[in-house]
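# Examining the three-dimensional arrangement
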Amino acid sequence: MKWLDQSERFSAIFLMIILIFTSQGAYCELVVSPAGPTRVNAVAGSNVTLAVSFSGAPDPVVTWYMGKLPVVTWTIGSDTLPDIARKVLRIEQSGSLTFLNVPLNYTNGYTIEMTKSGLGTASTNFSLKVFEIIQNVTLSTQPEFATEGTDLFTLEYGMLQGVVEQQIWLFNGREIKNNSHYSVEQRSLVILRPTRNDTGQYTLSLTNPFSSVTTHMNVTVLYGPDEPILEASPAKQFYVSNDSLSLSCQADGFPRPTAEWFFNDQTLSDSHQGVLNLTNVRTSQGGVYNCMLQNEMTGAQRQKSIVLNIYEKPPGSPMCSVQSVNNIDLQYYCRWSGGTPQAQLFFPALSDTSSGAGNFNLTVTASDNLNGKTITCMADHPVEQNKCNITASSPMEFLPAVRTTVDSKGKIVVSIRCVSEASPKAVVSWSRGSEDIINGTMNQISNNTTQLMIRDYNVSIFLLKNYTCICHNPLGSQRREIHLRGPTISDSSLFSNQNGTVITLTWEVPPTSIVTGFDIQMKGPPLSRNRNGNQTKSSSNRYRTIQKKPGSARSADIFVLDPKSTYRFRVIPRARMTEGEPSEVHRTGPGEGLSGPAIAGIAAGIPCSLLFLLLLCSLIYFCIYCNKNKNRQTRYPVSRAVEKTITTQPDVTPHNLLTGGLKSPPDYNRLHQTPSERSVALPTFVPPPPFRVATTV
């Protein structure tokens, strides 16, 4: 620094000498000019001089201004010291201004003015910039985290010391310029409306003439969650009960958003990283599932839902039926209830537009073309498609069924049942004679009209008139007439075991017979033995009742019988107190001896039989004898002329029979003559003398 001061003094003296020699005898003008650079950079704490030189006048008055503020005034060559801050400023003999340990706050523009009376004023300008060495530069952000969607994000720098002459901001190595997105300010970089694309490395470069520093900072812009993406795996339009699946919820964001599942306003805690596993699902688990995604650092949330369809087919198969409506129309009914969702049902053959869910019915007018026609109900369910068929038909021919019982009051109850196979079921109307039957104390018709119950104590009441039942539905009708009969047995049989100790009686009754019970009667020795081992014979010659059977019975077992005895059995049908005709008598056991009348008949029949045989043999012999005589008699021809002349023939009186009452044999020649032959006189036939014939038996 001393060398600088000395050189500056020598320069000033040299300039003054030149001015003295050149100005003598010439025109004088005051001129001040820089003796060095006018833009001076200095490090804080160093000495720096704003050097000037002047000419045209000796000992001018020098004034230095810092900006517009005068800091020193002095007359060159004066012995009086200027009034200045001596620790910082010093004015030289040449008028130059020297800064000692220049502080930072002396950075400014400086102007020197020199004035000499009669010569005016001369001035020149300087610029002094005082710098510090840049040290410990740091970057900070405001706010702490950059968030997508906010208005701005600022990067600021700070340093321990230093004066920055130039700052340069770079993003991922590219210089940042002022634009609509970035604003470079004095000590900061402002990012307007930051986005996720602003995530990266930011670099700050600070320089001055004496130092440069570069520092970096990684900035991550927080964003999200974006629009959630919900997926079901495996992907299906619907799932069936007991299927297993998983639901995933994902969305882009930083940091990675956390997912939470909700169903029916309840949190599902078994999800992991946005994946919800569902196993063996039920229909109750079908519905709307909501996923809530949240950025834990920014607090931003997004929500989205997915509909999970869990179906279950209805149990069993669809069922079809047809019903009568007012006995005029047909109502086809199809049912396949249950399931999720309910099955859609329709009858394509009846209507193209009508359908129903779960239960569906369609009413149409009955017609002949529907009689016997099969109608199909189509059942459409997402899990399964099914169908059922129904055929409407008119009543078919049938046979009435009659059943007889006795009620608790002792009345005979006759139940007549008329059931005709028909679809829809036939409705039965009842009449007695020409009168319709209605419910009352005597007559009761069942709720389904297929059965008529008649109650009375007297059997004859049931036999007065015929009953009629008519089965009808919208497609037709069938009529049957029932004629009730009294207690009757139509057929019976007897079966015995090999030992002859047990028998079984079976019998049948006519379908319309009124029977409330049966009496099994036996004729023969008792079924049990007395104490002496002898059979009781007091009641063996008459029928006695050994069993009573109800009206529904059709057989009876009887034991123990004596195989050496003969028994007779019969069945008596009863209608309460009224007995019907007994059945055929059935015998079992060995044959018994002939009765007295039978023996008398046989004794009288033997002689009669012998006499009849004798007469038969005689007749046969007589016939043979007469036939032989006829074959031996001679026949003569008769001429036609004689036949015409002779017209009569006297009768020949036969010989009287011999004693004994026998007549003479007939005239076989006369018997064998033709009418023409009998008119001719024949030779007289003289029979042989009679003789007696005796036959010994």
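Rules and cut-offs
Residues numbered from 1 in each chain as written. Predicted model: local features only at pLDDT ≥ 70, side-chain atom pairs only at ≥ 80, totals over all residues. Heavy atoms only, no water. Helix = DSSP H or I, 4+ residues; strand = E, 2+ residues; numbered from the N terminus. Buried < 20%, exposed > 50% of the residue type's maximum accessible area, 1.4 Å probe, protein only. Contact = heavy atoms within 4.5 Å. Areas by Shrake-Rupley, 256 points an atom, 1.4 Å probe, with all protein chains shown as cover. Disulfide = S-S within 2.5 Å. pLDDT = per-residue confidence, 0-100. Pairing = 2+ DSSP bridges. Axes fitted to C-alpha atoms, helices over the stretch in contact; angles between N-to-C directions. Phe/Tyr/Trp six-rings, centres within 6.5 Å; stacked < 30°, edge-to-face > 60°. Lys NZ or Arg CZ within 6 Å of the ring centre and 35° of its normal. Core = buried A, V, L, I, M, F, W, Y, C linked by side-chain atoms within 4.5 Å. Patch = residues over 30% accessible without salt bridge, like charges linked within 9 Å, V, L, I, M, F, W, Y side chains within 5 Å. Salt bridge = Lys/Arg side-chain N within 4 Å of Asp/Glu carboxyl O. Polar contact = N/O pair within 3.5 Å; in protein donor to acceptor, adjacent residues only side chain to side chain.

Within the chain, the regular secondary structure consists of five helices and 52 strands. Relative to its full complement of 697 residues, the chain shows a buried share of 34%. Pairs at least 24 residues apart make up 60% of the contacts formed inside the chain by residues separated by at least 6 positions. For the chain, the accessible area works out to roughly 42,100 Å², and carbon and sulfur atoms hold 52% of it.

Evaluation of the coordinates by the stated rule reveals four disulfides. Between the sulfur atoms of Cys249 and its disulfide mate Cys291 the distance is 1.9 Å. Judged by the sign of its S-S torsion, about -90°, the cystine formed by Cys249 and Cys291 is left-handed. Of this pair, Cys249 sits in strand E23 (residues 245–250) while Cys291 sits in strand E27 (residues 287–294), and the two are 42 residues apart along the sequence. Overall, Cys291 belongs to the buried group, its relative accessible area being 0%. Here the chain pairs its bonded cysteines, counted in sequence order, in the arrangement 1-2, 3-6, 4-5, 7-8. With no disulfide of its own, Cys623 has Cys626 as its nearest cysteine by sulfur position, at a separation of 6.8 Å.

To continue, consider the confidence of the model for the chain. Summary statistics for the chain give a mean pLDDT of 84 and a share of 83% for residues scoring 70 or more. Residue range residues 19–27 is modelled with pLDDT below 50. Its contacts to residues more than four positions away, or to other chains, number four contacts.

Here the focus is the sheet that holds strand E16 (residues 182–184). Sheet architecture is open: four strands sit in the order E11-E13-E17-E16, paired in antiparallel fashion. The sheet terminates laterally at strand E11 (135–142) and E16, the two strands that pair on one side only. Strand-to-strand, the axes of this sheet are offset by a mean angle of 15°, without reference to chain direction. Looking at chain direction, E16 and strand E17 (residues 188–192) are connected through three bridges and run antiparallel. Bridge pairing in E17 links Val184 to Leu189.

Right, let's get into the sheet that holds strand E10 (residues 120–131). Taken in spatial order, the five strands line up as E2-E10-E9-E5-E6 in an open sheet, and their pairing is mixed. Every other strand in the sheet has two partners, leaving strand E2 (39–43) and strand E6 (69–75) as the edge strands with one partner each. Strand-to-strand twist in this sheet, taken as the mean axis angle between neighbours without regard to direction, amounts to 25°. With six bridges connecting them, strand E5 (residues 61–66) and strand E9 (residues 108–116) associate as antiparallel partners.

This brings us to the packing of aromatic side chains. In the structure shown here, the tally under the stated rule is 11 aromatic pairs. Just above the ring of Phe398 sits the side chain of Arg480; from NZ or CZ to the centre is 5.5 Å.

Turning next to the nonpolar core. Ranked by size, the top nonpolar core spans 31 residues in total, and within it Trp64, Phe99, Tyr110, Met114 and Leu128 carry the most contacts. Looking at this core element by element, the count peaks at four residues for E10. With 23 residues, the next largest nonpolar core counts Val402, Ile416, Ala422 and Ile514 among its residues.

Residues Ile602, Ile606, Leu610, Phe612, Leu613, Leu616, Ile620 and Ile624 make up a contiguous nonpolar surface patch of roughly 770 Å² in combined accessible area. Mapped onto the elements of the fold, Phe612 is located in helix H2 (residues 596–632). On the basis of relative accessibility, which here comes to 54%, the residue Phe612 falls in the exposed class.

This part covers the pattern of salt bridges. What the rule picks out here adds up to 14 salt bridges. Where Arg302 meets Glu227, a salt bridge forms, and the shortest distance between an N and an O atom there is 2.5 Å. Of this pair, Arg302 sits in strand E28 (residues 301–308) while Glu227 sits in the loop between strand E20 (221–222) and strand E21 (229–233), and the two are 75 residues apart along the sequence. A relative accessible area of 45% means that Glu227 is categorised as partly exposed. Put simply, Glu148, Arg196, Asp226 and Asp252 are held in one network by salt bridges that share partners.

This part takes up the side chain of Asp519. Here Asp519 is to be found in strand E47 (residues 517–523). Among the polar contacts made by the side chain of Asp519, one reaches the side chain of Lys548 at a distance of 3.1 Å. Excluding anything up to four places from it in sequence, Asp519 contacts Thr545, Gln547, Lys548, Arg570, Val571, Ile572, Arg574 and Glu579.

The subject of this paragraph is the pairing of E21. Of the two faces of E21, only the one carrying Leu230 and Ala232 is buried; Ile229, Glu231 and Ser233 on the other face are not. Bridge count between E21 and E23: five bridges; the pairing is antiparallel. Paired with Ser233 across the bridge in E23 is Ser246.

What follows deals with the environment of Arg335. Mapped onto the elements, Arg335 comes out in strand E31 (residues 329–335). Exposure remark for Arg335: the relative accessible area of 38% places this residue in the partly exposed category. Spatially, the C-alpha atom of Arg335 lies 5.9 Å from that of Gly358, the residues being 23 residues apart in sequence. Not counting the four nearest positions on each side in its chain, Arg335 is found in contact with Pro318, Met319, Leu345, Gly358 and Asn359. A polar contact is formed between the side chain of Arg335 and the side chain of Ser337, at a distance of 3.4 Å.

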